[in-house]
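Structural overview
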Amino acid sequence: LVGNSCPWCHRALLVYQIKNLFNQIKVIFLKADIEHSEWIFEEKLKGCNRLSEFYKKSHKNNLFRATLPVLVSFDNEKINILSNESSQIIKLLNSIKEKSTQHSLQIKDCNQNILNLIHHNINDGVYKCGFARNQSSYDRASKGLFMALKEIEKKLDHNKGDWICGDELTYADIYLFPTLIRWELVYSKLFKCTEKEISEFKKIIKWRLKFFKLSNVNKSCFDDEWKKDYYKALFPLNPNQIIPVLPSLKEIMRLDSN
């Protein structure tokens, strides 16, 4: 179960698409109920309209918050929540042997330190900037975010391959892409991630374009939904709920290729 606009759900969708898991896993998209700050099903699932009802029905509401992504299996009418941690879900999905005749890329493990850097300083870092309660918190978050981006830029510049850790696609690439693909549309403007233009990170831009061109990755990107959900749902950051005039993702990628 995933939501279009959630970057942590995007991690799971990327593995699903890259590994061609269409025959083994069914993906169900939920939509954001902005008024009630909750995820809801387009069509009832196991008699549930809302994700919170689904968790309650699984008898896991005391163990888990009703968050996405969530990987579930069904044994007759019983709901079995396997995981709602994106880091664990992508490893579970990556361990599945695909039945598709299409050849898929292998996603390798990598050093935990690089995953921690991306997760804490970049994935979480943009949110720390956007939701900082005072100037010093914002300054600290911005410094951590852009120092981490510089470290990734340096890593891409010094290694001998196309990916963050070298020749092979790893979880580091999966972690970084959802944040970087939303950058111009959401984080740089709405979250005040403005210390430097992302276009100044030449190696990161080249890496992002290469990743976007991987088979089926574009099918995991929903820029119209991102704009609507971020600019309308995050009331403290955008009280008037005005969606600014923004380029399409296709236009951004076209600029990256120039």
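Our subject is the structure that appears above.
Below: a short report on this structure. By convention here, each chain's residues receive numbers from 1 onward along its written sequence. Owing to the predicted nature of the model, reporting of local features is limited to residues with pLDDT of at least 70; listing and counting of side-chain atom pairs is limited to 80 or more, with chain, interface and lining totals taken over all residues. Side-chain descriptors were evaluated using all non-hydrogen atoms of the structure, hydrogens and water having been removed beforehand.

1. A short note on the overall build of the protein chain
Heads up, the rule is: Helix and strand definitions here come from DSSP, where helices need a minimum of 4 consecutive H or I residues and strands a minimum of 2 consecutive E residues; each element is numbered from the N-terminal end. Radius of gyration: over C-alpha atoms. The globule rule applied is 2.2 Å multiplied by the number of residues raised to the 0.38 power. A contact between two residues is defined here by any heavy atoms of the two lying within 4.5 Å.
From N to C terminus, the protein chain includes eleven helices and six strands. Over its C-alpha atoms the protein chain spans a radius of gyration of 19 Å, differing by no more than 12% from the 18 Å that the globule rule assigns to 258 residues. Summarising its shape, the C-alpha atoms of the protein chain cover approximately 55 × 45 × 35 Å along the three principal directions. Considering only intrachain contacts with a sequence separation of at least 6, the fraction spanning at least 24 residues in the protein chain is 67%.

2. As for helix 1 (residues 7-18)
Threshold: One fewer than the residue count of a helix, multiplied by 1.5 Å, yields its expected span. Relative accessibility under 20% of the residue-type maximum defines a buried residue, over 50% an exposed one, and the middle range a partly exposed one, all with a 1.4 Å probe and only protein chains included.
Along its twelve residues, helix 1 runs 16 Å from first to last C-alpha, staying within 8% of the 16 Å computed at 1.5 Å per residue. Counting buried residues along helix 1, eleven of its twelve residues qualify, which places the element largely inside the surrounding structure. All of the buried residues in helix 1 are Pro7, Cys9, His10, Arg11, Ala12, Leu13, Leu14, Val15, Tyr16, Gln17 and Ile18. Just downstream of helix 1, Asn20 is the residue with a positive phi angle, here 55°.

3. Remarks on unusual backbone geometry
Going from Leu68 to Pro69, the amide bond is cis rather than trans, its omega being 0°. Tracing the chain through its elements places Pro69 in the loop between helix 2 (51-57) and strand 5 (71-75). Despite not being glycine, Lys46 has its phi angle at roughly 55°, a positive value. Inspection of the secondary structure assignment puts Lys46 in the loop between strand 3 (38-45) and strand 4 (48-50). The backbone phi angle of Gln241 is positive, close to 55°, even though this residue is not glycine. Considering the arrangement of structural elements, one finds Gln241 in the loop between helix 10 (223-233) and helix 11 (249-256). For Gln241, a relative accessible area of 31% translates into the label partly exposed.

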